[in-house]
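Chain residues, written in single-letter form:
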Amino acid sequence: MTRTVTGGERERATARVGTAETGRGEAGRPDTPSAWRANLRRATRFGSRPEHWKRGPVLTALALLLGLVMLLHAEIPNRIGNVGSLVETLLPWFGLFVPVLLAASLRRRSASALVALLLPVTVWLNLFGGLLGDRSRPGGDLTVVSHNVGADNPDPVGTARALAASGAQVLALEELTHEARGTYEKELAKAYPHHTVLGTVGLWSKLPLSDTRPVDIAQDVGPLADTKPFDVKLAYNRALRTTVATDRGPLAVYVAHLGSVRLNPRAGFWTESRDRNARALGEAVAAERIERVVLLGDLNGTTDDRAFDKITSRLHSAHTEAGNGFGFTWPATFPVARIDQILLRGVHPRSAWLLPPTASDHLPVAATISW
């Protein structure tokens, strides 16, 4: 006996077949257990085929090498071109190789490369996963700001006014020129009754300052340095130390602009003056007798760089503990590294953030701290 199938029955049969194939129930809702079982079966079939494990040996090697470079970055020597410091400066960006290798591994259908990628993913998340979210907390007793205003800044008036509008109680400026110094002093005078400038660095404060002095960071001030008078050498000064009187007690504040770095084919990653400055600054901070310390400045390097071990072993980063994201500060048009720092000892960061860009090639950094 022949039975006629109605149109409605054909539609229901088609729907049942579609549901079985796609793992979806009525109204397109995911059938979670079925979907998971189907995916697991596909993964098992993929991994059980020997040819998938033999494919992509180069991709597998690259994935393992990427993971080992990030894992053992501190062991990469600096003897040739400061390669170790260069890797550490750019370390967060190594994570961009993961999706590239992942896409290539899927295209090549290489099971061994996919498994090898677990190493760089795990290492990168261990190093930088904590920076992906917002770590700030409300409250705080004091807001500090640091900004390399740029020697070639075409708008010091606008820069000064933008910084004053931040509401910071303590404001550090680096790379001040003799020509622009008067402009900053004039524009910041109303908001900050106390200030000091020593050479190319300065500090403006709403709170009283005392015991201000230059910090010897082993700076090269040219030939015959020992014969030059103090006032001549002071014009090149790039670090100072002062005491800010707060209602919670004295706070030692350091402002520093360490030597520049250069990247060129002949010398590699040249960091000689910066590294020398960093060691001397670390010794100065170590000798500081006041328990509460804040270091503000352009260090021309990231805190991952081993060159700052003498500093980072004694001070911790406000942004790492209380910032949002990576907080890259340079260059301002497309930041790739956080070289402008707020480092602390004896106080706790509540929040840390970037201020809007000014006419400088650096972004200003800010933090609110508490006792």
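Within each chain, residues carry numbers counting from 1 in the order of the written sequence. A pLDDT threshold of at least 70 governs which residues receive local features in this predicted model, and a stricter bar of 80 or more applies before side-chain atom pairs are shown or counted, although totals over entire chains, interfaces and linings include all residues. With hydrogens and water excluded, all non-hydrogen atoms of the structure serve as input to the side-chain values.

A. A nonpolar patch on the surface, seen in detail. Patch membership requires more than 30% relative accessible area and the absence of a salt bridge. Residues of like charge join within 9 Å; the nonpolar side chains Val, Leu, Ile, Met, Phe, Trp and Tyr join within 5 Å. Per-residue and other accessible areas were derived by the Shrake-Rupley procedure at a 1.4 Å probe size, with only the shown protein chains allowed to occlude residues. Salt bridge, as applied in this entry: a Lys or Arg side-chain nitrogen positioned within 4 Å of an Asp or Glu carboxyl oxygen. A surface patch of nonpolar side chains, amounting to about 280 Å² of accessible area, comprises V58, L62 and L65. By the secondary structure assignment, V58 is in helix α4 (residues 57-71). Exposure classes here rest on a 1.4 Å probe applied to the protein chains alone. A residue is buried below 20% of its type maximum, exposed above 50%, and partly exposed in between. Classification of V58 as exposed rests on a relative accessible area of 59%. Only DSSP runs of H or I with at least four residues qualify as helices, and only runs of E with at least two residues qualify as strands; both kinds are numbered from the N terminus onward.

B. Here's a closer look at the pairing of strand β4 (residues 201-205). Burial of β4 is extensive: five of the five residues sit out of reach of the surface. Residue alternation in β4 divides its side chains into two sets, V201, L203 and S205 and G202 and W204, and both sets are buried. Here the rule is simple: two strands pair whenever DSSP picks up at least two bridges between them. Judged from the five bridges that link them, strand β2 (residues 170-174) and β4 form a sheet pairing that is antiparallel. Residue V170 lies in a different strand from β4, and its bridge partner there is S205. Looking at chain direction, strand β3 (residues 194-198) and β4 are connected through five bridges and run antiparallel. For V197, the partnering residue across the bridge sits in β4 and is G202.

C. Expanded view of the nonpolar core. Here, the term nonpolar core denotes a set of buried Ala, Val, Leu, Ile, Met, Phe, Trp, Tyr and Cys residues that are joined through side-chain atoms within 4.5 Å. Of all hydrophobic cores here, the largest spans 22 residues; its most connected members are L203, L251, V294, L296 and I342. Mapped by element, the contributors of at least two residues to this core are β1 (142-148), β2, β4, β6 (239-246), β7 (249-257), β10 (293-298), β12 (340-345) and β14 (365-370). Listed in part, the 21 residues of the second largest apolar core include I217, A252, L281 and I290.

D. Geometry of the sheet that holds β1. Judged by pairing direction, the sheet is mixed, and its six strands sit side by side in the order β3-β4-β2-β1-β14-β13 without closing on themselves. Either end of the sheet is taken by a strand with one partner, and the two such strands are β3 and β13 (348-354). In this sheet, adjacent strand axes meet at a mean angle of 15° when their direction is disregarded. Only the stretch in contact is used when fitting a helix axis, every axis being a line fitted to C-alpha atoms; angles between N-to-C directions are given from 0 to 180 degrees.

E. Structural context of the sheet that holds β6. Pairing is mixed across the open sheet formed by six strands, whose spatial order is β5-β6-β7-β10-β12-β11. Taken across any chain shown, the strands that pair with only one partner, and hence form the sheet edges, are β5 (209-214) and β11 (316-317). The pairing of β11 with β12 spans two bridges and is antiparallel. By the bridge assignment, H316 is partnered in β12 with L344. Contacts are residue-level and defined by heavy atoms, with any inter-residue pair within 4.5 Å sufficient. Packing against the sheet, helix α12 (residues 272-286) makes contact with β7, β10 and β12, and its axis sits at approximately 175° to β7.

F. Seen up close, α4. Helix span, expected: 1.5 Å multiplied by one less than the number of residues in the helix. Along its 15 residues, α4 runs 21 Å from first to last C-alpha, staying within 8% of the 21 Å computed at 1.5 Å per residue. If you check which residues of α4 are buried, you get L59, T60, A63, L66, G67 and M70. End-on, the buried residues of α4 take up no more than an arc of 125°, which puts them together on one face. The exposed set on the far side of α4, more than 90 degrees from its buried face, consists of P57 and V58. Turning to α4, the residues buried within the fold contact α6 (97-108), α7 (111-116) and α8 (118-128). Arc definition: it is the arc formed by the directions from the helix axis to the C-beta atoms.

G. The arrangement of the environment of D247 in detail. Structurally, D247 can be placed in the loop between β6 and β7. On the basis of relative accessible area, D247 is assigned to the exposed category, the value being 76%. In this structure the C-alpha to C-alpha distance between D247 and L207, which are 40 residues apart in sequence, comes to 9.4 Å.

H. Quick peek at the packing of α4 against α8. Orientation of α4 relative to α8, taken along the N-to-C sense of each, is 25°, at an axis distance of 8 Å. The angle between α4 and α8 places the two elements in the roughly parallel class. Between α4 and α8 lies a crossing of left-handed hand. Note on element contacts: α8 touches α4 through L119, P120, V123, W124 and L127, opposite A63, L64, L66, G67, L68, M70 and L71. Polar here means any residue other than Ala, Val, Leu, Ile, Met, Phe, Trp, Tyr, Cys and Pro, which are nonpolar, and Asp, Glu, Lys and Arg, which are charged; Gly is therefore polar. Each residue belonging to the contact of α4 with α8 can be placed in one class, and the counts come to 11 nonpolar, one polar and no charged. For this classification, under 35 degrees means roughly parallel, over 145 means roughly antiparallel, 65 to 115 means roughly perpendicular, and everything else is oblique. Left-handed describes a crossing whose near helix is turned anticlockwise from the far helix through less than a right angle; right-handed describes the clockwise counterpart.

I. Geometry of the packing of aromatic side chains. Planes of paired rings set the category: under 30 degrees apart is stacked, over 60 is edge-to-face and the rest tilted, where pairs are Phe, Tyr or Trp rings (Trp by its six-membered ring) whose centres lie within 6.5 Å. This model, assessed by the stated rule, comprises six aromatic pairs. Between W124 and F128, the ring centres sit 5.8 Å apart and the planes meet at 55°, which makes this aromatic pair tilted. Of this pair, W124 and F128 both sit in helix α8, separated by four residues, roughly a single helical turn. Judged by its relative accessible area of 3%, F128 falls in the buried class. Through a chain of ring-to-ring contacts, the aromatic side chains of W93, W124, F128, F326 and F328 assemble into a single cluster. Ring-over charges, as used throughout, are those where CZ of Arg or NZ of Lys falls within 6 Å of the ring centre and within 35 degrees of the ring normal. Of note, K206 hangs over the ring of Y192, and the distance from its end group to the ring centre comes to 5.7 Å.

J. Representation of the confidence of the model for the protein in the model. Mean pLDDT over the protein works out to 89, with 85% of the residues at or above the 70 mark. A residue's pLDDT is the predictor's confidence in that residue, given on a scale from 0 to 100. Here residues 13-28 scores under 50 on pLDDT; set against residues more than four positions off or in separate chains, the count is 10 contacts.

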